[in-house]
Number of protein chains: 2
Amino acid sequence: MPVVTLAGVLTVSTVNVNGLRAAAKKGFVEWLAATRADVICLQETRAEPEQLAPEVLEPAGWHTVLAPSSAKGRAGVAIYSRAEPEAVRIGFGSAEFDESGRYAEIDLPGLVVASLYLPSGDVGTPRQDEKERFMKEFRAYLEDLRGRAAAAGREVLVCGDWNIAHQQIDLKNWKSNQKEAGFLPEERAWLTEIFESGYEDVVRNLHPEGPGPYSWWSYRGKAFDNDSGWRIDYLVSSPDLASRCTDAYVERAESYDQRWSDHAPVTAVFDR
Amino acid sequence: MPVVTLAGVLTVSTVNVNGLRAAAKKGFVEWLAATRADVICLQETRAEPEQLAPEVLEPAGWHTVLAPSSAKGRAGVAIYSRAEPEAVRIGFGSAEFDESGRYAEIDLPGLVVASLYLPSGDVGTPRQDEKERFMKEFRAYLEDLRGRAAAAGREVLVCGDWNIAHQQIDLKNWKSNQKEAGFLPEERAWLTEIFESGYEDVVRNLHPEGPGPYSWWSYRGKAFDNDSGWRIDYLVSSPDLASRCTDAYVERAESYDQRWSDHAPVTAVFDR
DNA sequence: CATGTGAAG
DNA sequence: CTTCGCATG
């Protein structure tokens, strides 16, 4: 294991990069070089492998999995792992979504790690219907995954941009957003179901008090400077792994111009 | 007449701005404030009036005429004049092209000034057919214009991006461009006809020797730094006005990053 | 307000 | 290589 990681622990980060090409030019590469994470899940890569610079596509010391969307420039997830995956799977068995660059998972010893990019949705448009279809299908998949992983002696960690703030403490302006995609009652209830079904929100576990920590701030207006954010990026794990989480935090940039995405990395540390 | 202009002369500039909004941010506003021109013809404004900042739409001391295309973000011509026009006309009586933001003219005392943006064309595509249709219709209009203007006691000056280099001395790499739109034999012959029909190329009149002066350099490659340009922006005038032209030049930027368009202003000075 | 695409130049 | 429109976020 490379010396830069921490012995005895597993560190996992997830971040929606909002275009990996743009992020790479603005600081992602430096962040990648400095991080001590063992596994990194990316969302919204919005690139084909051929469009990526070598230091992004094949950074030294990392194994990379890319799952681009069949629609150019849209969605796309990736997983970077210092250890070589025992298996790689793209999609979750959905005819509609497996080519959409929204889900990939890898097997590591005793663990399945997934990168998820749930559709954003947009109330009153076909995007919201798409989000609902995805939620329904993915909910069933999570149940399936739990059983399969347990049978194989693996914990589960689904990291990504879930595009839903769960509770009032998960976004700054909850009152004005009750009818907006990302904080609809049915979306929140869907997350509640998942968290009551035996999956855990490891950041909230360690930070039961809000507000935040937020992981996304719109580029519009002064959202970042006002900390007018949303917590929509989660690391969702099976219970035993959750119980081994010793640290969890958002790597919020110090200033607006140090950002390389509208999301910040969310990182959790687990005892091995 | 404003003090910044030159007494006893009429100065006219023409420039393809390649997006007036972008140009305004990069230096067009400063150029406008500094110019001594009395009339300015713009092409490729690519904006609706509402999209323009006040200092561009209604600069102090200028009367402005905007002729946007009905296709958003495409083409568009404009005329800025320090004197109030006696009349304004958009289009040249063409069913196909009058809404396409490619022609506008104003009457000034003793003079008709027009801003023309001829289609660029692209060999082997419908764009080239469009260019040919435009050329045919516009050729007839020029004949008509000559007669009408003369009857009204006005000279004619048609300024703009004609998207055709006339002779070998009008582009750096004429050999490799003989089959490219903008230097096709039939396009060159069309310009020759116009110049032999009693319209004059005032810049070439004063600068019979080439190469150039070029007025456009592709953004691709190192065209500007290598002065690999084309002379496709012309001030085309009736003979009496042409005989009064005392100066004519291209305002080439000093360096690549001082440009605010891929074209440079072409300016001519006439004794009044 | 920002990232991509695609047409156009 | 650049502008702009549009879709998406």
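All values derive from a computational prediction rather than experimental measurement.

Thoughts on the overall build of chain A
Thought 1: The helix and strand tally for chain A stands at six helices and 12 strands.
Thought 2: At 17 Å, chain A has a C-alpha radius of gyration in line with the 19 Å of a compact globule built from 272 residues.
Thought 3: In terms of principal-axis extent, the alpha carbons of chain A reach across some 45 × 45 × 40 Å.
Thought 4: Considering only contacts within chain A whose residues lie at least 6 apart along the sequence, 71% involve residues at least 24 apart.
Thought 5: Surface summary for chain A: the accessible area is close to 12,000 Å², and the carbon and sulfur share equals 50%.

Here we look at the UniProt feature "active site" (unreviewed entry) in chain A
All names here are of chain A.
Thought 1: Here the UniProt-annotated "active site" (unreviewed entry) positions come out as Tyr117, Asp161 and His263. On the basis of their most widely separated C-alpha atoms, the annotated residues across 147 residues gather in one place, lying no more than 12.7 Å apart. Lining of the largest pocket among the annotated residues: Tyr117, Asp161 and His263.
Thought 2: As for its placement among the helices and strands, Tyr117 is situated in strand E7 (residues 111-117).

Looking at the sheet that holds strand E11 (residues 245-250) of chain A
Residue and element names in this part refer to chain A.
Thought 1: Across the sheet, six strands lie side by side as E3-E4-E2-E1-E12-E11; this open sheet has mixed pairing. Since the sheet does not close on itself, it has two edges, and those belong to strand E3 (63-67) and E11, each with one partner. Going across the sheet, the axis of each strand differs from the next one's by a mean of 10°, ignoring polarity.
Thought 2: The sheet contact formed by E3 and strand E4 (residues 77-81) spans five bridges and is antiparallel. The residue of E4 that forms the bridge with Ala67 is Val77.
Thought 3: Against the sheet, helix H1 (residues 20-34) touches strand E1 (9-16), strand E2 (39-43) and E4, its axis set at about 165° to E2.

Structural notes on the pairing of strand E7 (residues 111-117) of chain B
All names here are of chain B.
Thought 1: Burial analysis of E7 places seven of its seven residues in the buried class, which makes it a mostly covered element.
Thought 2: Side chains Leu111, Val113, Ser115 and Tyr117 project from E7 onto one buried face, and the interleaved Val112, Ala114 and Leu116 project onto a second face that is buried too.
Thought 3: One ladder, built from six bridges, connects strand E6 (residues 103-108) with E7; its direction is antiparallel. Among the inter-strand pairings, Glu105 is bridged to a residue of E7, identified as Ala114.
Thought 4: In sequence, E6 turns back onto E7 through a hairpin of two residues, with Gly110 there showing a positive phi of about 75°.
Thought 5: The pairing of E7 with strand E8 (residues 155-161) spans seven bridges and is parallel. Directly across from Ala114, in E8, lies its bridge partner Val158.
Thought 6: The β-α-β motif built from E7, the intervening helix H3 (residues 126-151) and the parallel element E8 has right-handed crossover chirality.

Points about the protein's contact with DNA strand D
Thought 1: The immediate surroundings of DNA strand D are formed by 19 residues, with Arg127(A), Arg220(A), Lys26(B), Arg46(B) and Tyr219(B) found nearest.
Thought 2: Each atom of DNA strand D within 4 Å of the protein was classed as base or backbone; sugar and phosphate made up 78%.
Thought 3: Here a base nitrogen of DNA strand D and a side-chain polar atom of Arg220(A) are 2.9 Å apart.
Thought 4: Take Lys26(B): an N or O atom from its side chain is 2.9 Å from a phosphate oxygen of DNA strand D.
Thought 5: By residue number, the principal contributor to the surface near DNA strand D is helix H1 (residues 20-34) of chain B, which donates three residues.
Thought 6: In terms of residue class, the surface near DNA strand D is made up of four nonpolar, five polar and 10 charged.

Brief notes about the packing of aromatic side chains
All names here are of chain A.
Thought 1: Scanning all chains against the criterion turns up 40 aromatic pairs over all chains.
Thought 2: Judged by centre distance (5.6 Å) and plane angle (45°), the ring pair of Phe92 and Tyr141 falls under tilted. Pair noted here: Phe92 is in the loop between strand E5 (87-90) and strand E6 (103-108) and Tyr141 is in helix H3 (residues 126-151), with a separation of 49 residues, a long-range link.
Thought 3: By relative accessible area, Phe92 is classed as buried at 7%.

Let's talk about unusual backbone geometry
Thought 1: Of note, the amide linkage connecting Gly210(B) to Pro211(B) takes the cis form, showing an omega dihedral of -5°.
Thought 2: Take Pro211(B): it is sitting in the loop between helix H5 (202-206) and strand E10 (233-237).
Thought 3: With an omega of 0°, the peptide bond between Gly212(B) and Pro213(B) qualifies as cis.
Thought 4: By the element assignment, Pro213(B) lies in the loop between H5 and E10.
Thought 5: With a phi angle near 45°, Ala75(A) is a residue other than glycine that sits in the positive phi range.

Quick notes on the rules
Residues numbered from 1 in each chain as written. Chains lettered and ligands numbered in written order. Predicted model: local features only at pLDDT ≥ 70, side-chain atom pairs only at ≥ 80, totals over all residues. Heavy atoms only, no water. Helix = DSSP H or I, 4+ residues; strand = E, 2+ residues; numbered from the N terminus. Rg over C-alpha atoms; globule rule 2.2 N^0.38 Å. Contact = heavy atoms within 4.5 Å. Areas by Shrake-Rupley, 256 points an atom, 1.4 Å probe, with all protein chains shown as cover. UniProt positions renumbered as here; feature names shortened; annotations may be inferred. 1 Å grid on protein atoms, 1.4 Å probe; cavity = no way out; pocket = protein on both sides within 12 Å on 5 of 7 lines; lining within 4 Å. Pairing = 2+ DSSP bridges. Axes fitted to C-alpha atoms, helices over the stretch in contact; angles between N-to-C directions. Buried < 20%, exposed > 50% of the residue type's maximum accessible area, 1.4 Å probe, protein only. Right-handed = clockwise from strand over helix to strand, strands pointing away. Near = heavy atom within 4 Å. Polar contact = N/O pair within 3.5 Å; in protein donor to acceptor, adjacent residues only side chain to side chain. Nonpolar A, V, L, I, M, F, W, Y, C, P; charged D, E, K, R; others polar. Phe/Tyr/Trp six-rings, centres within 6.5 Å; stacked < 30°, edge-to-face > 60°.

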